[in-house]
Amino acid sequence: MARRPDRKRCIIVTVVVVALFIIVLGLVLGLTLRKEPEQFETTFINRCEKFKGYDCNKLWTAFEQAYVGQDPCKVTVEDYDPFIAAASFKPACNRMMFWSKTKDIVHAFTAKNPCFVTLEDTVLGGVADGLTWCGKEGSSETFTTGCPGWSDCENNTVRSFWNKASAAFADAACGNVTAMLNGAVDTPFSSTSIFGSIEMPRFTSPTVKRLNIVLLTQTNSGANCTNASLKELQNTLAKGITYSCSEMTEAQLQQCSSKPCGNCW
Ligand code: DVN
């Protein structure tokens with residue numbers, strides 16, 4: 001008879017312990033799973049705040065609405081329209097710098113020589129440079145792992161973003177425009193690259209007056225300005241735009257970093 005209350009107490013204690021365990025497990029799992037999207041959003045907002053004059057929360061909301069809750073292979077360039085509208089920027093005539101296969105060198109150059117501005121130096125590209133992100137059907141979160149790769153599907157979250165941002169950047173091109181290409185590869189100009197397929201076709205005369213190609217060359221080997229791919233570039237460049245090509249070694253480019261705007265090539 002005296003054992004019954006003990007048994008009851010034992011059951012209550014067990015239930016409380018199990019309930020506490022479930023709550024703690026839930027909290028731990030919840031915090032762990034929430035960590036990823038929070039980090040991405042924080043990175044985005046922190047990067048955005050380095051640029052003056054933007055409402056970064058508004059920019060974030062416009063950005064995430066493009067892909068959140070969607071199949072990461074079904075995000076179109078148009079889905080990023082609200083972000084592009086919110087991230088409007090003043091065109092930097094004569095200072096816009098395009099590039100292909102020279103990502104690290106060109107960004108090291110523009111960091112030292114702010115006369116020139118790449119897409120990634122603007123809020124438009126700066127918030128997402130080097131990042132991977134996607135959504136999932138039925139989820140309101142941003143994921144940074146398990147996203148489809150660049151060539152897994154045409155309309156993937158990241159690729160559509162860069163296609164749209166590159167188009168918007170090129171639409172704003174004006175005056176003398178520069179593109180830094182890589183002389184260490186067989187075809188410095190590729191008509192299927194973002195520069196060749198999305199950006200250059202948007203340069204129109206008379207808004208764009210001149211296209212300066214800066215071809216980064218090795219001292220003794222690789223492509224030079226007579227390269228066949230650069231002939232193709234000239235053939236596809238819109239009529240009325242003047243073309244020039246300057247061969248430069250990395251050492252010459254370094255010296256150029258301290259020169260006044262427009263005096264490099
Ligand atoms: O003018 C620049 C700039 O405005 C940018 O938005 O587009 C132009 C550069 O694009 P591009 O001409 O295609 O040059 P790349 O060097 O061939 O590719 C540029 C970047 O796009 C790569 O560095 C990749 O980005 P990541 O992975 O380093 O963050 C990405 N990319 C392009 N093609 C890719 C690819 N990533 C994976 N697979 C591919 N096939």
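These figures come from a predicted structure and were not determined experimentally.

A.B. asks: Explain the environment of Asn224 here, please?
C.D. replies: Among the secondary structure elements, Asn224 is positioned in the loop between β3 (208-216) and α8 (228-236). Residue Asn224 is classed as partly exposed on the basis of its relative accessible area of 32%. A sequence separation of 36 residues divides Asn224 from Pro188, and the C-alpha atoms of the two residues are 9.1 Å apart. Setting aside its immediate chain neighbours within four residues, Asn224 contacts Leu215, Leu230 and Glu247. A polar atom in the side chain of Asn224 sits 2.5 Å from the side chain of Thr226.

A.B. asks: Just checking my understanding: could you explain the packing of aromatic side chains for this structure?
C.D. replies: This structure, assessed with the given rule, holds 24 aromatic pairs. Taken together, Phe40, Phe44, Trp60, Phe63, Tyr67, Tyr80, Phe83, Trp133, Phe161 and Trp162 form an aromatic cluster joined through their ring pairs.

A.B. asks: Got a minute to help me understand helix α6 (residues 157-171) in this structure?
C.D. replies: Structurally, the α-helix is built with 3.6 residues per turn, so residues lying three or four positions apart point the same way. With 15 residues, α6 extends 21 Å from end C-alpha to end C-alpha; this agrees with the ideal 21 Å at 1.5 Å per step. For α6, the buried fraction is high: 13 of the 15 residues fall into the buried class. Between a side-chain oxygen at the N-terminus of α6 and the backbone nitrogen of Val158 the separation is 3.1 Å; the capping residue is Asn156.

A.B. asks: Just to check I follow, could you spell out the nonpolar core for this structure?
C.D. replies: If you look at soluble globular proteins, the nonpolar side chains tend to sit buried side by side. Formed by 52 residues in total, the largest nonpolar core has its most connected members in Phe63, Phe83, Phe98, Trp133, Phe203 and Leu211. Among the secondary structure elements, those contributing two or more residues to this core are α1 (3-49), α2 (56-64), α3 (81-86), α5 (123-126), α6, β2 (175-182), β3 and α8. Among the elements that take part in this core, α6 stands out by supplying 7 residues, more than any other. Sequence-distant contacts of Trp133, that is, excluding residues within four places in its chain, are made with Phe40, Phe63, Tyr67, Tyr80, Ala128, Thr142, Phe143, Cys147, Thr157, Val158, Phe161 and Trp162. Grouped together as the second largest cluster of nonpolar side chains are 12 residues, Val106, Phe109, Phe116 and Met180 included.

A.B. asks: For this particular structure, what's the right way to read the state of the cysteines?
C.D. replies: Each disulfide consists of one covalent bond between the sulfur atoms belonging to two cysteines. Under the defined criterion, the tally for this structure stands at 6 disulfides. There is a disulfide in this structure between Cys93 and Cys174, and the S-S distance comes to 2.1 Å. On the sign convention where negative means left-handed, the S-S torsion of about -95° between Cys93 and Cys174 marks this disulfide as left-handed. One end of the pair, Cys93, is in the loop between α3 and β1 (97-100); the other, Cys174, is in the loop between α6 and β2, and 81 residues separate them in sequence. Accessibility expressed as a relative area gives 39% for Cys93, which makes it partly exposed.

Reading guide: rules and limits
- Residues numbered from 1 in each chain as written.
- Predicted model: local features only at pLDDT ≥ 70, side-chain atom pairs only at ≥ 80, totals over all residues.
- Heavy atoms only, no water.
- Helix = DSSP H or I, 4+ residues; strand = E, 2+ residues; numbered from the N terminus.
- Buried < 20%, exposed > 50% of the residue type's maximum accessible area, 1.4 Å probe, protein only.
- Contact = heavy atoms within 4.5 Å.
- Polar contact = N/O pair within 3.5 Å; in protein donor to acceptor, adjacent residues only side chain to side chain.
- Phe/Tyr/Trp six-rings, centres within 6.5 Å; stacked < 30°, edge-to-face > 60°.
- Expected span 1.5 Å × (residues − 1).
- Core = buried A, V, L, I, M, F, W, Y, C linked by side-chain atoms within 4.5 Å.
- Disulfide = S-S within 2.5 Å.

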